[in-house]
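# Structural overview for review
These are the residues of each chain, in order.
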Amino acid sequence: MTIREAHVPTSPARWTTPLLQYVITILVALIVLVPLLATAINGFKPNAELMQQPFALPKTWLWSNYTNVLQSNAFWRMLRNSVLVMIATAVGVIVLASMPAYVFSRMRFRGRELLFNFFTLGLLFPIAVAILPLYITLRQLNLIDSLWGIILPQIAFGLPGNILILRGFFATIPQELDEAAAMDGCSPVGYYLRILLPLMRPALAAVAVLTMVVSWNNFFLPLLVLNSEELYTLPLGIQQFQGQFGTDWGRVLAFVTLALVPTIGFYLLAERQIVAGLTAGAVKG
Amino acid sequence: MAQPSSRALGRAAVGWSRIRWGQVITIAGFLLPAAIIYVGLVLLPVVQAVYFSFFRWNGLGPLEQFNGLANYVRILSDRAFLSALGHNLQIAILSLAFQLPLSLALALLIREIRWGRAVFRTIFFLPFVLSEVVIGVIWNFIYRPQGGLINAVLQMIAPGSEPSALLADPDTVLYALFIVITWKYFGYHMILYIAGLQNIPAEIEEAAAIDGCSRLQTLRYITLPLLGSTVRLTIYLSVLGSLQLFDLIWVMTTGGPVGASDTMATYLYKYGFQRFQLGYGSAVAVILFLICFGFSLVYQRFAMRSDYE
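Keep in mind that this is a model prediction, so the values were computed, not measured.

Procedures and definitions
- Residues numbered from 1 in each chain as written.
- Chains lettered and ligands numbered in written order.
- Predicted model: local features only at pLDDT ≥ 70, side-chain atom pairs only at ≥ 80, totals over all residues.
- Helix = DSSP H or I, 4+ residues; strand = E, 2+ residues; numbered from the N terminus.
- Rg over C-alpha atoms; globule rule 2.2 N^0.38 Å.
- Buried ≥ 20, exposed ≤ 12 C-beta atoms within 10 Å, placed from the backbone.
- Contact = placed C-beta atoms within 7 Å.
- Core = buried A, V, L, I, M, F, W, Y, C linked by C-beta atoms within 7 Å.
- Domains from an automatic or database assignment.
- Expected span 1.5 Å × (residues − 1).
- Axes fitted to C-alpha atoms, helices over the stretch in contact; angles between N-to-C directions.
- Parallel < 35°, antiparallel > 145°, perpendicular 65-115°, else oblique.
- Left-handed = near helix turned anticlockwise from the far one by under 90°.
- Nonpolar A, V, L, I, M, F, W, Y, C, P; charged D, E, K, R; others polar.
- pLDDT = per-residue confidence, 0-100.

## Re the overall build of chain B
Counting its regular elements, chain B contains 14 helices and two strands. Computed over C-alpha atoms, the radius of gyration of chain B comes to 25 Å, more than 25% over the 19 Å expected from 2.2 N^0.38 for 309 residues, which places it beyond the range of a compact globule. With the C-alpha coordinates aligned to their principal axes, the bounding extent of chain B is approximately 85 × 70 × 35 Å. Burial status across chain B gives 42% buried among its 309 residues. Looking at chain B alone, contacts between residues at least 24 apart form 66% of all its contacts between residues at least 6 apart.

This is the structure we're talking about:
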């Protein structure tokens, strides 16, 4: 389901005047944007100046906070780790969730609903519930302090919700298509690879983008799994950076701003997919 | 392998005697990869958490100090846990009382706006996609007593007033955190309301207006009841989210000062990963699950039942 432009009720008596509407929406927009802009702008100030007027523009624009971060290996390493984990998780979720979703939406067999309920049972468990034994399991598998120790649990916990969402999307394919494919001698694997996946690209994109956002922002797993700085992802790195340079706010704010740039860029590109995935998941979940 | 149509598959499934092994192999092939990782990393750990919770264990030696329900008794009589649970509930109630009405009002407002609707929607939804860590650090800056945005505003309104450290005061810390939570999540609920509003046919609201309903009457008697399933859904998501809070709290206060902003999840983290009491921590995890599950069950049974039909 996608967000269409909302209809404008044509009732004669509006309950607010257009002017008031704009005053309120602009005010809320400022409440959202000012903290972000203040973060970016204050990153250009030396610390002494930062202690005074946080709303003022810098007296002289100090670039060193930003250039220090951009020239540090740490920032680029964290960016690379975050991207790696994000892509591996998205690919894993797309592949491993679309296969069961295909079975649960296009095949009929005894026990199908039972198996489906088994796969979506995981929706009941927040990761915090499983985290201690999960940690022990990862330790036994030698995945502590490895990016796989984040990727695999992220895929696993992403499966139930995404199987549910994809099953809903896959169910919209008309039955006639299955019959035509079967008539032409198309095997289930061929159907999955050559018909279902290409046909369902928008749904898969929504799932992929949503999974990427969740992975990009994940903090809990990296906090537990990663020990060496070389493996830190951005959220963990930012938290550690804040602890390390807590008094050097200019540098912390510059770091945060630079971490925000790819996130906001990605959001502006993929807003439609994010919203589509979220509303589909919420309405069906 | 020639494949029959799904309708034929349906017939084939009628009796076990007519099992089609080709189909069984296909289904197993499609399900197994997901099943392995899902069982191994989600279901099994949950079962293990229940098992561990009956032991005293530091996570390293063998699991042999069985102590029955002692962990549970200790948790439920620990003031620190009960107050952590209380903080989760307080955030949940604050969310229902302020965050959801605000989101709904904005959704209603934004659909009446003629120009720039998409821009405002994009801005309002933006905080939801930012990580709680980034948001936590930004708001740590905003709240800081010297040179923070909040105190700068306060100084403008009341010059010379004592700078306040909202995050360091046990009486205000939860409210300060709640403002950040609202800042992050109101756009998400607003998007859900917008999607719900779009499912209401325009004709119904127009008919009400033609029949002489005022704008408020239309809202009260037509729009809100028709939005019921979306409202119930956002309440559900909001409560479950409040019960599981961790990231933001950890980045901003680590549960402090003196436990005044601890949640069940930060309490679990402290016992499980900082004090290495894995048995005790697992019992906390089980209680956290039971509370979430109990809420889901009761809420879906009584409030959301009609939404599934």
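Right, picking up where we left off after that structure.
## Some points on the overall build of chain A
Tallying secondary structure elements over chain A gives 13 helices and zero strands in all. What you see in chain A, going N to C, is helices and strands ordered as α-α-α-α-α-α-α-α-α-α-α-α-α. In terms of C-alpha radius of gyration, chain A reaches 24 Å, well past the compact-globule figure of 19 Å for 285 residues. Dimensions of chain A, computed from the C-alpha atoms along their principal axes, are close to 75 × 70 × 35 Å. Burial analysis of chain A (285 residues in total) assigns 45% to the buried set. Here the analysis covers contacts within chain A between residues at least 6 apart in sequence; of these, 78% occur between residues at least 24 apart.

## Concerning the nonpolar core
Judged by nonpolar contacts, the single largest core of 167 residues is most densely connected at A97, L159 and V207 of chain A together with L268, V284, A285 and L288 of chain B. Residue contributions to this core peak at 16 residues, all from helix α8 (residues 173-198) of chain B. For this core, the two domains that each supply at least three residues are domain 1 (6-44) and domain 2 (77-273 + 282-308) of chain B. Setting aside residues up to four positions removed in sequence, L159 of chain A forms contacts with V93, L96, A97, F119 and G122 of chain A together with A34 and Y38 of chain B.

## Points about unusual backbone geometry
The step from G256 of chain B to P257 of chain B runs through a cis peptide bond, and the omega angle for that step is -10°. By secondary structure assignment, the location of P257 of chain B is in the loop between α12 (247-252) and α13 (264-274). Not every positive phi belongs to a glycine, and D145 of chain A is a case in point at roughly 60°. Within the secondary structure, D145 of chain A is located in the loop between α6 (127-140) and α7 (148-170). A positive phi is found at T254 of chain B, a non-glycine position, where the angle reads about 45°. By the element assignment, T254 of chain B lies in the loop between α12 and α13.

## Thoughts on helix α11 (residues 228-243) of chain B
In an α-helix, one turn spans 3.6 residues, which is why side chains three or four residues apart end up on the same side. The end-to-end C-alpha separation of α11 of chain B is 23 Å, in line with the 22 Å expected for 16 residues at 1.5 Å each. Taken together, the buried positions of α11 of chain B are occupied by T230, L233, T234, S238, V239, S242 and L243 of chain B.

## Some details on α13 of chain B
Counting buried positions over the eleven residues of α13 of chain B gives eight, a clear majority of the element. Restricting attention to buried positions, one finds in α13 of chain B the residues M264, A265, T266, Y267, L268, Y269, Y271 and G272 of chain B. Those residues of α13 of chain B hidden inside the fold are in contact with α6 of chain A together with α4 (79-110), α11, α12 and α14 (278-302) of chain B. The first or second residue beyond α13 of chain B is F276 of chain B, which carries a positive phi of 55°.

## Observations regarding the packing of helix α4 (residues 73-106) of chain A against helix α2 (residues 21-52) of chain B
Where α4 of chain A contacts α2 of chain B, the axes come no closer than 8 Å and their chain directions differ by 135°. Considered as vectors, α4 of chain A and α2 of chain B are oriented oblique to each other. As α4 of chain A packs across α2 of chain B, the resulting crossing turns out to be left-handed. For the pair formed by α4 of chain A and α2 of chain B, the contact residues are L96, A97, M99, P100, Y102 and V103 of chain A on the first element and I27, F30, L31, P33, A34 and I37 of chain B on the second. Its residues placed into classes, the contact of α4 of chain A with α2 of chain B shows twelve nonpolar, no polar and no charged.

## What to know about the confidence of the model for chain B
All names here are of chain B. Summary statistics for chain B give a mean pLDDT of 89 and a share of 93% for residues scoring 70 or more. Below pLDDT 50 for its whole length, residues 1-16 participates in 27 contacts with residues either more than four positions away or in separate chains. Per the prediction output, this complex has pTM 0.89; the corresponding ipTM is 0.89.

## Describing the packing of helix α1 (residues 18-42) of chain A against helix α5 (residues 117-129) of chain B
With their axes 9 Å apart at the nearest point, α1 of chain A and α5 of chain B run at an angle of 35° to one another. Seen along the crossing, α1 of chain A lies across α5 of chain B with a hand that is left-handed. Contacts between α1 of chain A and α5 of chain B involve T25, V28, A29, V32 and L33 of chain A from the first element and F120, I123, F124, L126 and P127 of chain B from the second. Of the residues assigned to the contact of α1 of chain A with α5 of chain B, the class counts are nine nonpolar, one polar and no charged.

## Structural notes on the environment of I165 of chain A
As for its placement among the helices and strands, I165 of chain A is situated in helix α7. Taking C-alpha positions, I165 of chain A is 32 Å from R139 of chain A, a pair spaced 26 residues apart along the chain.

## Quick notes on the environment of T218 of chain B
Residues and elements named next belong to chain B. Following the sequence through the fold, T218 ends up in helix α10 (residues 215-226). Given 22 C-beta atoms within a 10 Å radius, T218 is considered buried. Separated by 34 residues in sequence, T218 and M252 have C-alpha atoms that sit 43 Å apart.

## Observations concerning the confidence of the model for chain A
Residues and elements named next belong to chain A. In this model, chain A carries a mean pLDDT of 89, and residues with pLDDT of at least 70 account for 93%. Of all secondary-structure elements in chain A, the lowest mean pLDDT belongs to helix α2 (residues 47-50), at 83, while α4 reaches the highest, 96. Taken as a whole, residues 8-13 scores under 50 in pLDDT and shows 14 contacts with residues more than four places along the chain or in a different chain.

## Things to note about the environment of T137 of chain A
Among the structural elements, T137 of chain A can be located in helix α6. Between the alpha carbons of T137 of chain A and G149 of chain A there is a distance of 9.9 Å; along the sequence they are twelve residues apart. Beyond its immediate chain neighbours, meaning those up to four positions away, T137 of chain A contacts L41 and P45 of chain B.

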